[in-house]
Amino acid sequence: MSETELGTEPTRGEVELPRALSGALRALIALDLFAMMALIFVDVFLRYLFSAPIPGGFEIVQFMLAILIFTSLPLVTWAEGHIVVSIFEKFFVGRRGLIQKVGVSVVSIAALLLIAFLMWRQAESLQSSQQVTGFLEWRIFPIAFFMCALSLIAVGIQFAMVWHFLRHKAGGDAGKTA
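Now for a look at the structure at hand. (Residues numbered from 1 in each chain as written. Predicted model: local features only at pLDDT ≥ 70, side-chain atom pairs only at ≥ 80, totals over all residues. Heavy atoms only, no water.)

Looking at the environment of Glu124
Right, so step 1: Topologically, Glu124 is positioned in helix α3 (residues 95-128).
Right, so step 2: It is 8.6 Å that separates the C-alpha atoms of Glu124 and Ala144, two residues lying 20 residues apart in sequence. (Helix = DSSP H or I, 4+ residues; strand = E, 2+ residues; numbered from the N terminus.)

Notes on a nonpolar patch on the surface
Right, so step 1: A cluster of nonpolar side chains, Ile40, Phe41, Val42, Val44, Phe45, Tyr48, Leu49 and Phe50, forms an exposed patch at the surface whose accessible area comes to about 850 Å².
Right, so step 2: With respect to the helices and strands, the residue Phe50 is situated in helix α1 (residues 19-50). (Patch = residues over 30% accessible without salt bridge, like charges linked within 9 Å, V, L, I, M, F, W, Y side chains within 5 Å. Areas by Shrake-Rupley, 256 points an atom, 1.4 Å probe, with all protein chains shown as cover. Salt bridge = Lys/Arg side-chain N within 4 Å of Asp/Glu carboxyl O.)

Let's talk about the packing of α3 against helix α4 (residues 141-169)
Right, so step 1: Contact geometry of α3 with α4 gives a least axis separation of 8 Å together with a crossing angle of 165°. Here α3 is positioned roughly antiparallel relative to α4, judged by the angle of their axes. You can see that α3 and α4 cross each other, and the crossing is left-handed.
Right, so step 2: Of the residues belonging to the contact of α3 with α4, the class tally is 23 nonpolar, five polar and three charged. (Axes fitted to C-alpha atoms, helices over the stretch in contact; angles between N-to-C directions. Parallel < 35°, antiparallel > 145°, perpendicular 65-115°, else oblique. Left-handed = near helix turned anticlockwise from the far one by under 90°. Nonpolar A, V, L, I, M, F, W, Y, C, P; charged D, E, K, R; others polar.)

Quick word on the pattern of salt bridges
Right, so step 1: A complete count under the given rule lists two salt bridges for this structure.
Right, so step 2: Measuring nitrogen to oxygen at the nearest pair gives 2.9 Å for the salt bridge that ties Asp43 to Arg47. Taken together, the positions of Asp43 and Arg47, both in helix α1 and four residues apart, correspond to about one turn of that helix.
Right, so step 3: Overall, Arg47 belongs to the partly exposed group, its relative accessible area being 38%. (Buried < 20%, exposed > 50% of the residue type's maximum accessible area, 1.4 Å probe, protein only.)

Considerations on the nonpolar core
Right, so step 1: Counting 38 residues, the largest nonpolar core has Leu75, Trp78, Ile143 and Met147 as the members making the most contacts within it.
Right, so step 2: Among the elements of the structure, α1, α2 (57-78), α3 and α4 are those that each provide at least two residues to this core.
Right, so step 3: With sequence-adjacent residues up to four places away left out, Met147 is seen in contact with Ala66, Phe70 and Met119. (Core = buried A, V, L, I, M, F, W, Y, C linked by side-chain atoms within 4.5 Å. Contact = heavy atoms within 4.5 Å.)

A short note on the packing of aromatic side chains
Right, so step 1: One pass over the full model with this rule turns up five aromatic pairs.
Right, so step 2: Look at Phe45 and Phe50: their rings are 6.3 Å apart centre to centre, the planes differ by 75°, and that puts the pair in the edge-to-face class.
Right, so step 3: On the accessibility criterion, Phe45 (40% relative accessible area) is partly exposed.
Right, so step 4: For Phe50, a relative accessible area of 55% corresponds to the exposed category.
Right, so step 5: Arranged with centres 4.7 Å apart and planes meeting at 65°, the rings of Trp120 and Phe145 form a pair that is edge-to-face. Taken together, the residues Trp120 in helix α3 and Phe145 in helix α4 connect sequence positions 25 residues apart. (Phe/Tyr/Trp six-rings, centres within 6.5 Å; stacked < 30°, edge-to-face > 60°.)

Overview of the side chain of Gln158
Right, so step 1: Its place among the elements puts Gln158 in helix α4.
Right, so step 2: Residue Gln158 is classed as buried on the basis of its relative accessible area of 4%.
Right, so step 3: Only 3.2 Å separates the side chain of Gln158 from the side chain of Ser105, close enough to count as a polar contact.
Right, so step 4: When near neighbours in sequence (up to four residues on either side) are disregarded, Gln158 contacts Thr77, Ser105, Ser108, Ile109 and Leu112. (Polar contact = N/O pair within 3.5 Å; in protein donor to acceptor, adjacent residues only side chain to side chain.)

In short, geometric facts, not functional conclusions.
Printed below as a string of structure tokens:
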């Protein structure tokens, strides 16, 4: 994994992500981030100038932050942008590099599946207990199901990456970088 320089194009993964999925995720991230920024700005402005904050603004921002984080998860997975420690990277070249990369990907799949499973259980629990937010009284379970779905998209991307590693790298170019 190489570090990206400021002002350069974001890292692209080795597996091609469908444009519709990539575009939809990026658009949702941009819209969510802009709306969150605007909401916080207006809330602070109204709070300090007129002593009238936006009712439920904090709850709305919490929902938006959850959407932002989990919408970014598939793109971070695709770009192999998760936190890595490359202290021993020089020891993993050739076939050992492929084994290490596939092993890390399998562990990532397991972790993402665990996240999806736990989010699903949480969503079902929130739905059955009819949990709502404190001020706006919005139901919480739809966001939890949405977070679960985005985790499963990340799982699918990680599976595609493992398939790509095994199919294209096992033929002898496992130690080469793209």
